[in-house]
Amino acid sequence: MAAIDRFLGKLIREGELRVISADGRVADFGKPDPQRPRITIRLADARVAFDIARHPRLGAAEAFMDGRLLIEEGDIAGLIDLIRFNGRWERGGGNLAAKNPIKRHLGNLRARLDRLNWEAKSRRNVAHHYDLGNRLYDLFLDADRQYSCAYFTDPANSLEQAQTDKKAHIAAKLDLKPGQRVLDIGCGWGGMALYLNRVADVDVLGVTLSEEQLKTARERAAAAGVADRVKFELIDYRNVTGTFDRIVSVGMFEHVGPPRYRNFFLKCRSLLAEDGVMLLHTIGRMGGPGTTDAFTTRYIFPGGYNPALSEIIAASESVKLIASDVETLRLHYGLTLRHWYDRTVAARDAIVAMYDERFYRMWTFYLAGAMGAFNQGGMCNYQIQYIRNRRTLPITRDYLADAEAALRAKG
Ligand SMILES: C[S@@+](CC[C@H](N)C(=O)[O-])C[C@H]1O[C@@H](n2cnc3c(N)ncnc32)[C@H](O)[C@@H]1O
């Protein structure tokens, strides 16, 4: 316990953390902060501190999931926020492996091996997460089931509004014309494809590896009476054929893995018309290449990796795709996750009934951890627009604002 006490004593400077050990000893760290309520945790047995010291994120996550790390005052989001705030990225906290060149090199090597997602592995990885049951996703996502960073034109906006605005923000960057053919790589439950068809009169092919998503997406297209123009297929991005005027990929690149980045862009380039436009929307990291934490890999997104901008651009440059516009969404995913986390907490009883208490705690740890990573850690969301020909788009960015305003008016 002494080592943990020393560690927490150094780390927690702002805000209050109270730790009650298994033997009833109470230790207080930090000082009152009007922005952050005090968090009190109880360690149910003597091994918890040891497990956390040995493997901080995984040890804490598993102790929390197993009910051995109990939060008696506050919640898991508050605990992670307190820890992240004190070690925040801007002050040099987080992503520490990246500071040491040897660790960084080994971490990158391991990441490259871990994220070697061949087709069968990609299918297993996707099923692990997205085939958990549509009901779960209904409980915490917006009504359109957008499972990616929303766009808050005002931080107070509802999640529904922000997800609609995200679709308009992306559609504007695609510079769509009626009748064009659009490919949506990683289409989820079909919301973006249906939206693009509705607001821009385009034909869309959406591809996913999730059976549950495919079924829902097709049902939605049929219900909207556009099944002839908005099609969905269960196809790996590697196996898509044809030529498309536009390609959009939202929240899917995180599943590709660094060893496949060049091939991903090569494939996209071969599918994109010579005067085509592509928009890639992906979680990213702001501090250069890194690794995926063990909790995320083991329990949430096996094979997942959030890319650094340098990794994305190095790969896309190597196949001569021109990055015509790059935007870093710095705060939007933290806001999105706050909504997802609050909805999950509000749906606790339903989630426990569908799965169990341990699953519920795992899910809240996942969302709270991600929120901390976007609010105080090194994560952000990138939107990168690509073209093959430098003359494809207007010479200035003015068209974006005009198009976005027109799209927003369509709702
Ligand atoms: C986080 S979801 C995003 C869904 C949707 N674009 C959205 O924003 O709500 C990731 C999507 O990528 C798809 N995906 C992952 N790996 C894929 C692959 N190798 N080929 C095609 N789709 C893939 C998943 O099936 C899922 O639909």
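Criteria and thresholds
- Residues numbered from 1 in each chain as written.
- Predicted model: local features only at pLDDT ≥ 70, side-chain atom pairs only at ≥ 80, totals over all residues.
- Heavy atoms only, no water.
- Helix = DSSP H or I, 4+ residues; strand = E, 2+ residues; numbered from the N terminus.
- Rg over C-alpha atoms; globule rule 2.2 N^0.38 Å.
- Buried < 20%, exposed > 50% of the residue type's maximum accessible area, 1.4 Å probe, protein only.
- Contact = heavy atoms within 4.5 Å.
- Lys, Arg positive; Asp, Glu negative; His and termini not counted.
- Charge placed at Lys NZ, Arg CZ, Asp CG, Glu CD.
- Near = heavy atom within 4 Å.
- Polar contact = N/O pair within 3.5 Å; in protein donor to acceptor, adjacent residues only side chain to side chain.
- Areas by Shrake-Rupley, 256 points an atom, 1.4 Å probe, with all protein chains shown as cover.
- Nonpolar A, V, L, I, M, F, W, Y, C, P; charged D, E, K, R; others polar.
- Salt bridge = Lys/Arg side-chain N within 4 Å of Asp/Glu carboxyl O.
- Domains from an automatic or database assignment.
- Buried area = accessible area lost by both parts, 1.4 Å probe.
- Disulfide = S-S within 2.5 Å.
- Patch = residues over 30% accessible without salt bridge, like charges linked within 9 Å, V, L, I, M, F, W, Y side chains within 5 Å.
- Phe/Tyr/Trp six-rings, centres within 6.5 Å; stacked < 30°, edge-to-face > 60°.
- Lys NZ or Arg CZ within 6 Å of the ring centre and 35° of its normal.
- Axes fitted to C-alpha atoms, helices over the stretch in contact; angles between N-to-C directions.

Participant: Can you walk me through the overall build of the chain in this structure?
Facilitator: If you tally the helices and strands in the chain, you get 17 helices and 11 strands. Here the C-alpha radius of gyration of the chain, 22 Å, is about what a compact globule of 411 residues would show, namely 22 Å. Over its C-alpha atoms, taken along the principal directions, the chain stretches across nearly 70 × 45 × 40 Å. Looking at the chain as a whole, 54% of its 411 residues are labelled buried. Sequence-distant contacts in the chain: of pairs separated by 6 or more residues, those separated by 24 or more amount to 72%. Seen as two clouds, the 59 positive and the 50 negative side-chain charges of the chain have centres 6 Å apart.

Participant: Before we go on, may I ask you to explain the site of the ligand in this structure?
Facilitator: Contacts to the ligand come from 21 residues, most closely from Tyr147, Ser148, Gly186, Gln213 and Val250. Within the backbone of Gly186, a nitrogen or oxygen atom sits 2.7 Å from a nitrogen atom of the ligand. The separation between a nitrogen atom of the ligand and a polar main-chain atom of Tyr237 is 3.0 Å. Compared with its free state, where it exposes 590 Å², the ligand has 96% of that area covered by protein. Counted by class, the shell around the ligand contains nine nonpolar, nine polar and three charged residues.

Participant: How should I be thinking about the environment of Ile395 in this particular structure?
Facilitator: Tracing the backbone through its elements, the reader meets Ile395 in the loop between strand S11 (379-387) and helix H17 (398-410). Of the residues examined, Ile395 reaches a relative accessible area of 89% and is grouped as exposed. Distance from Ile395 to Pro258, taken between C-alpha atoms, is 32 Å for residues 137 residues apart in sequence.

Participant: How should the side chain of Glu311 be read in this particular structure?
Facilitator: On the secondary structure map, Glu311 appears in helix H13 (residues 309-318). Within the buried core, Glu311 has no salt-bridge partner, and the shortest N-O distance to an opposite charge, that of Arg285, equals 5.2 Å. In this structure the side chain of Glu311 is engaged in a polar contact, spanning 2.8 Å, whose partner is the side chain of Tyr305. In contact with Glu311, other than residues within four places in its own chain, are Pro258, Tyr261, Pro289 and Tyr305.

Participant: Is there a simple way to think about the domain arrangement of the chain in this case?
Facilitator: You'll often see interface size given as the accessible area lost when the parts meet. Its domain assignment divides the chain into domain 1 (2-86) and domain 2 (119-410). Once you take the C-alpha centre of each, domain 1 and domain 2 turn out to be 34 Å apart. Taken together, the contact between domain 1 and domain 2 spans 18 residues of the former and 19 residues of the latter. Roughly 1,600 Å² of surface becomes buried between domain 1 and domain 2 when both sides are summed, with 67% attributable to carbon and sulfur atoms.

Participant: Help me out: how do you make sense of the state of the cysteines in this one?
Facilitator: Covalently bonding the sulfur atom of one cysteine to the sulfur atom of another cysteine gives a disulfide. Scanning the entire structure with this criterion turns up zero disulfides. The structure places no disulfide on Cys149, whose sulfur is separated from the nearest cysteine sulfur, that of Cys380, by 9.3 Å. Residue classification places Cys149 among the buried positions, given a relative accessible area of 0%. Cys187 forms no disulfide, and the closest cysteine sulfur to it belongs to Cys268, at a distance of 14 Å.

Participant: Quick question: what am I supposed to make of the environment of Ile52 here?
Facilitator: Relative to the elements of secondary structure, Ile52 occurs in helix H2 (residues 47-54). Not counting residues within four places of it along the chain, the set of residues in contact with Ile52 comprises Ile4, Gly59, Ala60 and Leu69.

Participant: Explain a positive patch on the surface here, please?
Facilitator: On the surface, a cluster of positive charge is made up of Arg6, Lys10, Arg13 and Lys31. Within the element layout of this structure, Lys10 appears in helix H1 (residues 2-11).

Participant: I keep staring at the side chain of Lys167 and nothing clicks. Help me out?
Facilitator: Tracing the backbone through its elements, the reader meets Lys167 in helix H8 (residues 159-174). Not counting chain neighbours up to four residues away, the residues in contact with Lys167 comprise Asp144, Gln146, Gly191, Met192 and Tyr195.

Participant: I would appreciate a short explanation of unusual backbone geometry in the present structure.
Facilitator: For residues other than glycine, phi is negative in most cases, and the peptide bonds are mostly trans. One non-glycine residue with positive phi stands out, namely Asp175, at about 50 degrees. Within the element layout of this structure, Asp175 appears in the loop between H8 and strand S5 (181-185).

Participant: Sorry if this is basic, but what is going on with the packing of aromatic side chains here?
Facilitator: Two numbers describe a pair of aromatic rings. These are the distance of the centres and the angle of the planes. Under the counting rule described, the total for this entry stands at 25 aromatic pairs. An angle of 80 degrees between the planes, with centres 5.9 Å apart, marks the rings of Phe140 and Tyr147 as edge-to-face. For Tyr147, a relative accessible area of 14% gives the class buried. Ring geometry for Phe301 versus Tyr366: centroids 5.8 Å apart, planes at 80 degrees, classification edge-to-face. Of this pair, Phe301 sits in the loop between helix H12 (294-300) and H13 while Tyr366 sits in helix H16 (residues 357-375); the two residues are 65 residues apart in sequence, bridging distant segments of the chain. For the residue pair Phe301 and Tyr366, the accessibility class agrees, reading buried in each case. Between Arg88 and the ring centre of Phe85, over which it is positioned, the NZ or CZ distance is 4.3 Å. Residue placement shows Arg348 over the ring face of Tyr360; its charged tip is 5.5 Å from the ring centre.

Participant: Which parts of the structure should I look at to understand the packing of H2 against helix H3 (residues 56-65)?
Facilitator: A pair of packed helices is captured by two measures, namely the crossing angle of their axes and the spacing between those axes. In contact at an axis separation of 5 Å, H2 and H3 are set at 145 degrees when each is read in the N-to-C sense. Two secondary-structure elements touch here, H2 through Val48, Asp51, Ile52, Ala53 and Arg54 and H3 through Pro56, Gly59, Ala60 and Ala63. Considering only residue class, the contact of H2 with H3 consists of six nonpolar, one polar and two charged.

Participant: Sorry, what's going on with the pattern of salt bridges here?
Facilitator: Working definition: two side chains of opposite charge can pair if their charged atoms are close together. If you walk through the whole model with that rule in mind, you get 32 salt bridges. Measuring nitrogen to oxygen at the nearest pair gives 2.9 Å for the salt bridge that ties Glu160 to Arg343. Of this pair, Glu160 sits in helix H8 while Arg343 sits in helix H14 (residues 332-346), and the two are 183 residues apart along the sequence. Judged by relative accessible area, which is 25%, Arg343 ranks as partly exposed. In this structure, Glu357 and Arg348 form a salt bridge, with 2.6 Å as the shortest nitrogen-oxygen distance. What you see here is one network of salt bridges that share partners, running through Asp45, Arg47, Asp51 and Arg68.

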